[in-house]
Amino acid sequence: MLMDINEVKEYLPQRYPFLLVDRVLELNLGESIVALKNVTGNENHFNGHFPELPIMPGVLIIEAMAQAAGILGFKTLDKKPAEGSIYMFAGVDKARFKRQVVPGDQLILKAQYVSDKSGLWKFECQAYVEDKLAASATILCIDRKSK
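Residues numbered from 1 in each chain as written. Predicted model: local features only at pLDDT ≥ 70, side-chain atom pairs only at ≥ 80, totals over all residues. Heavy atoms only, no water.

Looking up the protein chain in an unreviewed UniProt entry gives the name 3-hydroxyacyl-[acyl-carrier-protein] dehydratase FabZ, with the organism given as Zhongshania borealis. The Sequence similarities (unreviewed entry) field of the UniProt record for the protein chain holds the comment "Belongs to the thioester dehydratase family. FabZ subfamily." One UniProt comment on the protein chain, placed under Catalytic activity (unreviewed entry), says "a (3R)-hydroxyacyl-[ACP] = a (2E)-enoyl-[ACP] + H2O". (UniProt positions renumbered as here; feature names shortened; annotations may be inferred.)

Next comes the structure, spelled out in structure tokens:
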């Protein structure tokens, strides 16, 4: 484990119930990240999506991939939200969902750096469960001042 939840919190401003990265398993600055999200049945969204068949909403899977990409960006630039920097979700392209994510799954989040143009970062992201692709997307994030 490269980063535990306490260090993850240093690089992501999100908090419960919206913090969707539990730890970082691999990190290659300026290149890629592998992170982990433990999917548990007590998460609020499962109360309504869907009570009889709990499935993690696709938008939250995309958000989890974006958070992993955000950590990669912050660590690469050696910045933290506490220092007045924040990564904002700027867009998503080519989102695809291949399998359901349900309570008890471990979601492996992967993001690869593609480019940075004028502060707009582009990442190719994937989410896996048990080595099976659950979702993929191109994520765009922009670095902004938070204070």
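Now that the structure has been shown, the text picks up again.
Undergrad: How should I be thinking about the nonpolar core in this particular structure?
TA: Generally speaking, soluble globular proteins have nonpolar side chains that are buried together. Ranked by internal contacts, the top residues of the largest apolar core, which has 40 residues, are Met65, Ile71, Leu107 and Leu109. Contributions of two or more residues to this core are made by helix 1 (5-11), strand 1 (23-28), strand 2 (32-38), helix 2 (58-77), strand 4 (106-117), strand 5 (120-129) and strand 6 (132-145). Sort the elements by how many residues they give to this core and helix 2 lands first, with 11 residues. Setting aside anything within four residues of it in sequence, one finds Leu107 in contact with Ala35, Leu36, Lys37, Val39, Met56, Ile61, Val101, Ala127, Tyr128 and Val129. (Core = buried A, V, L, I, M, F, W, Y, C linked by side-chain atoms within 4.5 Å. Buried < 20%, exposed > 50% of the residue type's maximum accessible area, 1.4 Å probe, protein only. Helix = DSSP H or I, 4+ residues; strand = E, 2+ residues; numbered from the N terminus. Contact = heavy atoms within 4.5 Å.)

Undergrad: I keep staring at the layout of surface pockets and nothing clicks. Help me out?
TA: Over the atoms rolls a probe the size of a water molecule, and its path tells where empty space is left. Counted as a void, the largest pocket has a volume near 310 Å³. For the largest pocket, the lining is made up of 17 residues, of which Tyr16, Pro17, Leu19, Lys37 and Glu43 are closest to its centre. Only helix 1 and strand 2 provide two or more residues apiece to the lining of the largest pocket. (1 Å grid on protein atoms, 1.4 Å probe; cavity = no way out; pocket = protein on both sides within 12 Å on 5 of 7 lines; lining within 4 Å. Points joined across faces, edges and corners; volume = space filled by probe spheres on them.)

Undergrad: Please clarify how the sheet that holds strand 6 should be interpreted in this entry.
TA: Hydrogen bonds between backbone atoms are what pair the strands of a sheet, whose relative direction is either parallel or antiparallel. Pairing in this open sheet of six strands is antiparallel, and the strands run 1-2-4-5-6-3 from one edge to the other. Each end of this open sheet is capped by a strand with a single partner; those strands are strand 1 and strand 3 (85-97). Looking at each pair of strands side by side, their axes are set apart by 25° on average, direction ignored. With nine bridges joining them, strand 4 and strand 5 adopt antiparallel strand pairing. Opposite Lys117, over in strand 5, you have Leu120 as the bridge partner. The sheet contacts of helix 2 involve strand 1, strand 2, strand 3, strand 4, strand 5 and strand 6, and relative to strand 3 the element is tilted by about 135°. (Pairing = 2+ DSSP bridges. Axes fitted to C-alpha atoms, helices over the stretch in contact; angles between N-to-C directions.)

Undergrad: So what exactly am I meant to see when it comes to the environment of Val114 here?
TA: The residue Val114 is located in strand 4 in this model. Among the residues examined, Val114 registers a relative accessible area of 40% and is labelled partly exposed. Sequence-distant contacts of Val114, that is, excluding residues within four places in its chain, are made with Lys122, Phe123 and Glu124.

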